[in-house]
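Close look at the chain arrangement
Below are the chains, spelled out letter by letter.
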Amino acid sequence: MSLMTKWLSSSFASATVRLMLQLVLVILLAYLLLSWSPLDPINAYLGGNLYSVSAQQKAELTVQLGLDQSVAQQFLHWFNELISGNLGYSNLYQQSVSEIIKDKLPLSLLLIGLSWLASLFMGYLLGLLAGLFQGRFVDRVINQSAWLLACIPSFWLGMLLISLFSVALSLTPVCCAAPIGMRFEEQSFWSMSQHLLLPVMTLALVHMAPIILHTREKVIDVLNSDYVVYSHLHGDSKRQVVSFHVLKNSVLPAIVLHFASFAELFGGSILAETVFNFPGLGASIVKAGLANDTALLMGCTLISALLVFCGNLIANGLSKYLLAGESK
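Residues numbered from 1 in each chain as written. Predicted model: local features only at pLDDT ≥ 70, side-chain atom pairs only at ≥ 80, totals over all residues. Heavy atoms only, no water.

A count of helices and strands for the protein gives 14 helices and two strands. In the protein, which comprises 328 residues, the proportion classed as buried is 41%. Taking all contacts inside the protein whose residues are at least 6 apart in sequence as the whole, residues at least 24 apart take part in 73%. In the protein, 16 positive and 17 negative side-chain charges are present, and the distance between their average locations comes to 13 Å. (Helix = DSSP H or I, 4+ residues; strand = E, 2+ residues; numbered from the N terminus. Buried < 20%, exposed > 50% of the residue type's maximum accessible area, 1.4 Å probe, protein only. Contact = heavy atoms within 4.5 Å. Lys, Arg positive; Asp, Glu negative; His and termini not counted. Charge placed at Lys NZ, Arg CZ, Asp CG, Glu CD.)

Here it is as structure tokens:
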């Protein structure tokens, strides 16, 4: 039995227990925060036209939506429905939460996946160059740019990119995932690329900074290690040192770090989807929170927690596997 197989079999039960506990804590906290929201759910349900209904109609609506029950009763009712597989009904979109998530989750996964790959590839490449040319002009430019990117909020960078590429240069669409009146899958590949370019670029630029800085330090450590000095003494060229030592010892730690930062990437996607009016799961969370749509917010929060947990689980597994491999 391989080391990875042993780890998977031994940690599956504990990972499942941790997942269940974390999900319960997340939905409890989300439900409590939503119950303390100052927003009036009746006003949000009526689209801000609270004075368009009488007091009697408002009371009937309160009973119909279950808002006359205590927070504990509402939570238990929602939790019982969740156990039976029903995520509830969205008052905001007037359809079931399952259908909304099924419609919007693929777009969010596509956006996050492309951003994750782009930030990993570009971040590792720039970090490798900075480490190999430590102290030179290239290193200084990349290092200072990475620190600058690490300080920029994703929503602010998104607005800058919209101002430059969409408004000033007219090269990309201002917003959305497709032209008005079309679904994402109905447009051409070129149109898809144009609509995805700025959201992906925003998330990738912000989240490649930790990979650049980590990879640079790792490459410098490897180049200063005893086994690289020993390799040079045996006449190995710089290309051989990079191929057999630097890449081998710096790629996997960068991947582990990138999986571990999946929660930050998902949080950035919520802001990016809101700025670009991208119809994904993150934008739905914001709309559900502002409209006090309990069912939709809880459903989106549950799926988000699952995605973040899976990213952390993969990072944890790769980290244990790598440490076990290094200790052999």
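Once that is clear, we can look at the pattern of salt bridges. If the charged atoms of two oppositely charged side chains come close together, the side chains can form a pair. Within this structure, the stated rule accounts for four salt bridges. The salt bridge partner of R216 is E217, with a shortest N-O separation of 2.7 Å. When its relative accessible area of 12% is taken as the criterion, R216 is described as buried. A cluster of three or more residues bridged by salt bridges with shared partners is formed by D103, R183 and E185. (Salt bridge = Lys/Arg side-chain N within 4 Å of Asp/Glu carboxyl O.)

Over its 15 residues, helix α9 (residues 209–223) runs 21 Å from end to end, which matches the ideal 21 Å to within 8%, given 1.5 Å per residue. Considered for burial, the residues of α9 that qualify are A209, I211, I212, L213, T215, R216, V219, I220 and V222. Against α5 (97–132), α6 (137–151), α8 (189–207), α10 (226–233) and α11 (238–260) lie the buried residues of α9. (Expected span 1.5 Å × (residues − 1).)

This part is about the packing of α8 against α9. With their axes 4 Å apart at the nearest point, α8 and α9 run at an angle of 35 degrees to one another. Taking contact as the criterion, the partners of L205, V206 and H207 in α8 are, on α9, A209, P210 and I211. Classifying every residue of the contact of α8 with α9 gives five nonpolar, one polar and no charged. (Axes fitted to C-alpha atoms, helices over the stretch in contact; angles between N-to-C directions. Nonpolar A, V, L, I, M, F, W, Y, C, P; charged D, E, K, R; others polar.)

Core analysis: the largest hydrophobic core is formed by 54 residues, its most contacted members being W78, I101 and F266. A total of twelve residues in this core trace back to one element, the largest contributor, which is helix α14 (residues 294–327). Ranked by size, the runner-up nonpolar core spans eleven residues in total, among them L128, V222, V241 and A254. (Core = buried A, V, L, I, M, F, W, Y, C linked by side-chain atoms within 4.5 Å.)

If you walk through the whole model with that rule in mind, you get three aromatic pairs. For the pair F75 and F79, a centre-to-centre distance of 5.9 Å together with 20 degrees between the ring planes defines the contact as stacked. Of this pair, F75 and F79 both sit in helix α4 (residues 71–83), four residues apart, roughly one helical turn. Taking relative accessible area as the criterion, F79 reaches 27% and is therefore assigned partly exposed. With 4.8 Å between their ring centres and 45 degrees between their planes, W116 and F259 make a pair best called tilted. With W116 in helix α5 and F259 in helix α11, the pair connects residues that are 143 residues apart, well separated along the chain. (Phe/Tyr/Trp six-rings, centres within 6.5 Å; stacked < 30°, edge-to-face > 60°.)

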